[in-house]
Amino acid sequence: VGMSQNGANFYAMYSGWTYQDILFHYYPGTYLMNTGTAGSEKVTVAGVSGDVLSTVAGIVYREVGGSMSTEAIKAQAVAVYSYIKYYGNDSHDLRMKSNPPQNVIDACASVLGEALYYNGEYALTMFGASSGGTTANCYDVFSKDIPYLRSVKSEYDASCDPHYGTVKYISSSEVKRRVEARYGIKLSADPVNWFKVMAGDSGYINSVEIDGQITVRGNDLKICLGLKSPKFDIAYAQ
């Protein structure tokens, strides 16, 4: 949901996109504006207060490292700052990595204070490493309808990203153990009957009926089975 970090980097590298192009693509309908306060305000990460530049640079370094294109790093910096502002100057679930390289610091400094807004409010600028060729509608994954977190194409993810199209093999006994432990149910004998998946509008798994007993969010089953994404297929092999 939101910006694909690898997709942003590929768009900058292969299509020449600026950080503004990247942001407006992944967060449609938002607009960019400088708060004018970043130079003097304090923000908090895990209960520790710090200045905006060092905080954002540390989070960006942890999120995308220092080898991505400058425009992708700038886009990540704006997304991180907007996310912090959305949560009232708190990083929420974002964390820092110490000693960011100078190119990360410089990229963050060049967009210091720029934040994304929607209808006069800070945007919830969610992001993740990659997408399955398109990003997900927010309501397909988190059951919340946010107008600027809509499914958009992320073409390079499908052709360039090593995460795309990977296969994970899990034994039926291990699946049974994980599902029963998480959901407190007893699965029937035939694994073919265990999962009935329902895709959302963006192709991501919206919900899964488990063995005719309960229905869970696709994102929750992703966590249960240790998958990379709620955009998955289930197949059976002997």
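Residues numbered from 1 in each chain as written. Predicted model: local features only at pLDDT ≥ 70, side-chain atom pairs only at ≥ 80, totals over all residues. Heavy atoms only, no water.

S.K.: So, the overall build of the protein: which residues are in play, and what are the values?
M.R.: Regarding its fold elements, the protein presents nine helices and 10 strands. Computed over its C-alpha atoms, the radius of gyration of the protein comes to 20 Å, within 12% of the 18 Å expected for a compact globule of 238 residues. By its C-alpha atoms, the protein is 60 × 40 × 35 Å across when sized along the principal axes. Counting only residues that meet the buried cut, the protein has 47% of its 238 residues in that class. Summarising the internal contacts of the protein: among those between residues at least 6 apart in sequence, 68% fall at separations of at least 24. For the protein, the exposed surface amounts to about 11,500 Å²; the carbon and sulfur share of it is 50%. (Helix = DSSP H or I, 4+ residues; strand = E, 2+ residues; numbered from the N terminus. Rg over C-alpha atoms; globule rule 2.2 N^0.38 Å. Buried < 20%, exposed > 50% of the residue type's maximum accessible area, 1.4 Å probe, protein only. Contact = heavy atoms within 4.5 Å. Areas by Shrake-Rupley, 256 points an atom, 1.4 Å probe, with all protein chains shown as cover.)

S.K.: Requested: an account of the packing of aromatic side chains, with residues and values cited.
M.R.: Enumeration according to the criterion identifies 12 aromatic pairs in this entry. Relative to Tyr148, the ring of Tyr118 lies with its centre 5.1 Å away and its plane at 50 degrees, an arrangement referred to as tilted. Separated by 30 residues along the polypeptide, Tyr118 in strand 5 (residues 114-118) and Tyr148 in the loop between helix 6 (138-141) and helix 7 (155-160) bring together distant segments of the chain. Take Tyr148: its relative accessible area is 6%, and that puts it in the buried class. (Phe/Tyr/Trp six-rings, centres within 6.5 Å; stacked < 30°, edge-to-face > 60°.)

S.K.: Give a detailed account of the packing of helix 1 (residues 5-15) against helix 4 (residues 70-86), specifying residues and quantitative values.
M.R.: One can describe the packing of helix 1 onto helix 4 by two numbers: an axis separation of 8 Å at closest approach and a directional angle of 140 degrees. The angle between helix 1 and helix 4 places the two elements in the oblique class. Along this stretch, helix 1 crosses helix 4, giving a crossing that reads as right-handed. In this structure, helix 1 contributes Gln5, Ala8, Asn9 and Ala12 to the contact, and helix 4 contributes Glu71, Ala72 and Gln76. (Axes fitted to C-alpha atoms, helices over the stretch in contact; angles between N-to-C directions. Parallel < 35°, antiparallel > 145°, perpendicular 65-115°, else oblique. Left-handed = near helix turned anticlockwise from the far one by under 90°.)

S.K.: For a nonpolar patch on the surface, give the residues involved together with the corresponding values.
M.R.: Nonpolar side chains collect at one region of the surface, where Val192, Val197, Ile234 and Tyr236 lie side by side and expose about 330 Å² of accessible area between them. As for its placement among the helices and strands, Val197 is situated in strand 8 (residues 195-199). (Patch = residues over 30% accessible without salt bridge, like charges linked within 9 Å, V, L, I, M, F, W, Y side chains within 5 Å. Salt bridge = Lys/Arg side-chain N within 4 Å of Asp/Glu carboxyl O.)

S.K.: Lay out the sheet that holds strand 6 (residues 121-122) with the relevant residues and their values.
M.R.: Overall, antiparallel pairing links the three strands, which are arranged 2-5-6 in an open sheet. The open sheet has two edge strands with one neighbour each: strand 2 (31-34) and strand 6. Where strand 5 meets strand 6, two bridges bridge the pair, whose relative direction is antiparallel. Following the sheet pairing, Tyr117 is matched in strand 6 by Tyr122. Contacting strand 2, strand 5 and strand 6, helix 4 runs over the sheet at an angle of about 60 degrees to strand 5. (Pairing = 2+ DSSP bridges.)

S.K.: Can you explain the sheet that holds strand 8? Please cite residues and give values.
M.R.: Here we have three strands laid out as an open sheet, ordered 8-9-10, and antiparallel in their pairing. Lying at the two open borders of the sheet, with one neighbouring strand each, are strand 8 and strand 10 (214-217). Averaged over neighbouring strand pairs, the angle between their axes works out to 25 degrees when direction is ignored. With five bridges connecting them, strand 8 and strand 9 (residues 205-210) associate as antiparallel partners. Within strand 9, the residue paired with Met198 across the bridge is Ser207.

S.K.: Give me the lowdown on helix 2 (residues 19-26), citing residues and values where you can.
M.R.: Within the span of helix 2, buried status applies to Tyr19, Ile22, Leu23, His25 and Tyr26. With its buried residues spanning 165 degrees around the axis, helix 2 presents them on a single face. Residues of helix 2 that are buried sit in contact with strand 1 (3-4), helix 1, strand 2, helix 4 and strand 5. (Arc of directions from axis to C-beta.)

S.K.: Go over the packing of helix 4 against helix 5 (residues 102-110), please, and point to the residues and values.
M.R.: Two elements in contact, helix 4 and helix 5, have axes separated by 8 Å at closest approach and are oriented at 60 degrees. One way to sum up the angle between helix 4 and helix 5 is to call them oblique. Handedness of the helix 4/helix 5 crossing: right-handed. Across from Thr70, Ile73, Lys74 and Ala77 in helix 4, the residues of helix 5 making contact are Asn103, Val104, Ala107, Cys108 and Ser110. Across the contact of helix 4 with helix 5, the residue classes break down as five nonpolar, three polar and one charged. (Nonpolar A, V, L, I, M, F, W, Y, C, P; charged D, E, K, R; others polar.)

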